[in-house]
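Tertiary structure, described
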Amino acid sequence: MTSFKELYSKFRGLLQQSWLTNDVAAHFGPTATLDSMFKYLWSRPEAQQELLPPPGNLCINRKGESEAEKFRNEGNRLYKEKKLEQALLAYNYSILAAPHPGLDGEIVGSQHEGLSLAFANRSAVLYEMAQYKYALADAERALAFGYPSSKRHRLYERRAKCLQAMGKMEEANAVLEETLTALATLALDEKEVTAAKNSISKLKSKCYDKQNTIPATLRYQHVFYTGQAYPPPVSQPRSDLPCLSDAISIQYTPIRGRHLVANRDIRPGEVLVQEDALAATTKLDTTLRSHCSTCLHRCPAPLPCPTCSLVVFCSEECQRIGVAGYHRAECGVLPTLVSLQLDPAAALAFRVLSSTTLPALRSKVSALLQEGSGTRPMLSVQRDYRTLYHLEGHDTARTESQLQETAAIACVLAHILFENCSSFLMDNTGKFCAISEEDIILVGGQLMRLILGLECNIHLTKEALVGTAVMNKGRGQEVGWSVYSALSFVNHSCVPNTLSTSHGKIKFLYSINIIPRGAEITDSYGERYVSHTRTERRTALQQHYYFCCGCAACQADWPLFKDIPEKPSLRCPSCFQALARFTCRLCDISCTSQATTQTGIRLYNAPDILKQLNKAWHDFLKATVQIQKGNISPELVEMVVTLMEILDKYTVYPSQAIINAQEALMACFDLMGSVHFLPITPKQK
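Residues numbered from 1 in each chain as written. Predicted model: local features only at pLDDT ≥ 70, side-chain atom pairs only at ≥ 80, totals over all residues. Heavy atoms only, no water.

Here we look at the overall build of the protein
A count of helical and extended segments in the protein gives 25 helices and 15 strands. The C-alpha extent of the protein, read off along each of the three principal axes, is 100 × 75 × 45 Å. Per-residue burial for the protein yields a buried fraction of 52% across its 685 residues. Sequence-distant contacts in the protein: of pairs separated by 6 or more residues, those separated by 24 or more amount to 69%. By element, 52% of the accessible surface of the protein is carried by carbon and sulfur atoms, the whole surface being about 31900 Å². Counting 72 positive and 67 negative side-chain charges, the protein places the centres of these two groups 5 Å from one another. (Helix = DSSP H or I, 4+ residues; strand = E, 2+ residues; numbered from the N terminus. Buried < 20%, exposed > 50% of the residue type's maximum accessible area, 1.4 Å probe, protein only. Contact = heavy atoms within 4.5 Å. Areas by Shrake-Rupley, 256 points an atom, 1.4 Å probe, with all protein chains shown as cover. Lys, Arg positive; Asp, Glu negative; His and termini not counted. Charge placed at Lys NZ, Arg CZ, Asp CG, Glu CD.)

Here it is in structure tokens:
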């Protein structure tokens, strides 16, 4: 396997040997266009010699009956030993490796029997693990893919058992009636028919027992629970833009650019944005076989690609979307992409372009060039290439070496698109289009533009890990990368008032403290002030996003978490400093009752607020015990929000109490997104 870093290192070494390093660097910089930079590098013989895509390990992508049978036999052995989790994994791999008839109505033949056997065997494991919905679906797939007729009655019976366990007695009875009718057509001897009829009779008797529903079990929660079925909805969505709350508007200033602003006071815990990705991809590693390539959800019982064994899908719908769309071009080149070990922005840029066609790209870019730079989508949320085209990439702030490396990866990816992605070169009639030098420069320039823009706007897709500590700094494991339209408007702050969580490739943005009307909505692009010093944060932001942060934490140089006061202190409503026995000596104000001073300062009843704070803190501690276990409910969220509101309104910033309340709120919303329960260890049991 050869990574891009290795290819680029060889290319740079070749330039140094030829004393061409400075000559090449002179063609890269703020005065050159992206197209001209790519054109120059593409024309270099050194680039055509070294910047070529590696073939990759083709073994990781192959299908074959022998491979499928090997995994199926391993699954059978593990199933007999009651090692159900390992057996499930083996059957998953058998399904991925088995020859597939495709999704276009190809006739199912004897060569696909391995696929039907693997689905049938996985159905048995899933039934034993009390995953009846999954088991039922697999039994039906096994039948559809030509399961042997002499064994079909067993699958019919399993279908009925699954329906009974799910409480669908009428449907179960109908399946059993159908099975009785079908027995005469199956290749069974008299003894087998009699045994089948007796078994069916017993099952039919259970169809009249409404108490026969089998309750769900948590034993295999760490395998099958992937989070709530749907992400939390937007709080009061806008009629014109349902992905946004009516509490926010899109505004523009020359300094802040496009940004989101609160139209009213916003409580902690309000969902302000819920947006599906413009483009998303899983990490190009083992995640390809654990998470759906379309929606980025974990797949405990995956469906395969018909032509490769490297990617998985969580449902027939995601399978159809992937096979007909983005995966059509990627399928044959995934081993190469895996070998290159691409950075997130490059991987996502390749998916964006490989999901379209060269004729379509010509048309899109031509229209955008005719519009000119003065018609950027300033105050709108659009779901098309126009949004990706206008992402800010700070190309004029980049160094020559950064631009040269970006052009180099664009060269490698352009080779893949033109030489290995036939669907990219087809027009809407299915015919291959002729390739000109202008086409190569167009694609290379757009790859560079996308990579630079995505580097500054890409989002990590994560899933919360439950089983250690939910409320942890890492906030889960990274499973993919995505880009969004509305969320690209959110500017940075080291002390943000919102944070985002992933539900597959859907992101939702929620408030973590009170946001007053007129305030800007902010998120954190990197580390928050609690864990990194101002110098560390500003250096990282300048290197990656090309700006110097001026948030409250940076201006006042707030201390790290370990140096912040542990206990909250009630604050003066005038100077915001800590009260001493409910009195601010600096302002000569006593907060013992609700009143308004002659200067218009609103006082509050500090003794009463202190009682509320103590009760809210007590409730918060009880809530965090449940949250740490991975439990979530509206009542638990409200306990955290109540404490956060009191701390935000009446106490001094910053404090460890405020940070802990925000961490708990973050954990609540992480549990509403994608979740992975870690296996329970013997000690935890």
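That shown, we press on.
Some thoughts on the nonpolar core
In this structure, L41, L337, L342, L353, Y385, L413 and V443 are the most contacted members of the largest nonpolar core, which totals 100 residues. In this structure L337 touches L284, L342, F350, L413 and I416, once residues within four positions along its chain are discounted. Ranked by size, the runner-up nonpolar core spans 45 residues in total, among them L579, A623, L643 and I646. (Core = buried A, V, L, I, M, F, W, Y, C linked by side-chain atoms within 4.5 Å.)

Digging into the sheet that holds strand 11 (residues 506–511)
As summarised here, the arrangement of the three strands in space is 3-11-10, forming an open sheet in which the pairing is antiparallel. Each edge of the sheet is formed by a strand with only one pairing partner; in this case those strands are strand 3 (271–276) and strand 10 (498–503). Sheet twist, expressed as the average angle between the axes of neighbouring strands with direction ignored, equals 20 degrees. Inspection of the sheet shows strand 3 paired to strand 11 by five bridges, in the antiparallel sense. Paired with D276 across the strands is I506, a residue of strand 11. Running over the sheet, helix 25 (residues 656–671) touches strand 3, strand 10 and strand 11 and is turned about 155 degrees from strand 11. (Pairing = 2+ DSSP bridges. Axes fitted to C-alpha atoms, helices over the stretch in contact; angles between N-to-C directions.)

Quick look at the state of the cysteines
Following the criterion strictly, the structure yields zero disulfides and no others. Looking at the unpaired C299, the closest cysteine sulfur is the one in C292, lying at 4.9 Å. Here C299 falls in the buried class, since its relative accessible area comes to 8%. Free of any disulfide, C548 has its nearest neighbouring cysteine sulfur in C554, separated by 7.1 Å. Looking at C548, the relative accessible area reads 52%, which means it is exposed. (Disulfide = S-S within 2.5 Å.)

Points about the pairing of strand 2 (residues 257–262)
Strand 2 sits mainly inside the fold: five of its six residues count as buried. By the bridge criterion, six bridges tie strand 1 (residues 248–253) to strand 2 in an arrangement that is antiparallel. In the strand pairing of strand 2, I248 is matched with A262. Linkage of strand 1 to strand 2, two consecutive antiparallel strands, is achieved through a turn of three residues.

Thoughts on unusual backbone geometry
P654 follows Y653 through a cis peptide bond whose omega is -15 degrees. Along the polypeptide, P654 turns up in the loop between helix 24 (634–650) and helix 25. Phi at L296 takes a positive value of approximately 70 degrees, unusual for a residue other than glycine. Positive phi outside glycine occurs at F576, with the angle close to 65 degrees. The residue F576 is located in the loop between helix 22 (552–555) and strand 13 (583–584) in this model.

A closer look at the packing of aromatic side chains
The tally for this structure, following the rule as stated, stands at 20 aromatic pairs. Following the ring pairs from residue to residue traces out a cluster consisting of F4, Y8 and F11. Across the ring face of Y79, the terminal group of K82 is positioned such that the distance to the ring centre comes to 5.8 Å. Cation over ring: R449 sits above Y389, and NZ or CZ is 3.7 Å from the ring centre. (Phe/Tyr/Trp six-rings, centres within 6.5 Å; stacked < 30°, edge-to-face > 60°. Lys NZ or Arg CZ within 6 Å of the ring centre and 35° of its normal.)

Looking at the side chain of D648
As for its placement among the helices and strands, D648 is situated in helix 24. Among buried charged residues, D648 stands out as having no salt bridge; its nearest opposite-charge side chain is R571, 5.3 Å away. Discounting residues that sit within four places of it in the chain, D648 has contacts with N513, I514, R571 and Y653. (Salt bridge = Lys/Arg side-chain N within 4 Å of Asp/Glu carboxyl O.)

Some words on the sheet that holds strand 8 (residues 477–483)
In space, the four strands of this open sheet follow the order 4-8-7-15, with mixed pairing throughout. In the strand order of this sheet, the two ends are held by strand 4 (279–282) and strand 15 (675–677), each with one partner. Direction aside, neighbouring strands of the sheet carry axes that sit 30 degrees apart on average. Pairing of strand 7 (residues 459–466) with strand 8, which is carried by five bridges, proceeds in the antiparallel orientation. When the sheet's bridge partners are listed, H459 is paired in strand 8 with S482. The strands touched by helix 16 (residues 344–354) within the sheet are strand 4 and strand 8, with strand 4 carrying the most contacts at an inclination of about 120 degrees.

Side note on the pattern of salt bridges
All chains considered together, the criterion is met by 29 salt bridges. E330 is the salt-bridge partner of R351, the closest N and O atoms lying 2.8 Å from each other. Of this pair, R351 sits in helix 16 while E330 is found in helix 14 (residues 326–330), placing the two residues 21 residues apart along the sequence. Here R351 matches E330 in class, with each residue buried. What you see here is one network of salt bridges that share partners, running through E74, R77, E81 and K83.

Points about the packing of helix 5 (residues 65–80) against helix 7 (residues 113–128)
Running from N to C, helix 5 and helix 7 cross one another at 25 degrees; their axes reach a closest spacing of 10 Å. Judged by the inter-axis angle, helix 5 sits roughly parallel to helix 7. In this structure, helix 5 crosses over helix 7, and the sense of that crossing is left-handed. Taking contact as the criterion, the partners of E65, R72, N76 and Y79 in helix 5 are, on helix 7, G114, L117, A118, N121, A124, V125 and E128. Its residues placed into classes, the contact of helix 5 with helix 7 shows five nonpolar, three polar and three charged. (Parallel < 35°, antiparallel > 145°, perpendicular 65-115°, else oblique. Left-handed = near helix turned anticlockwise from the far one by under 90°. Nonpolar A, V, L, I, M, F, W, Y, C, P; charged D, E, K, R; others polar.)

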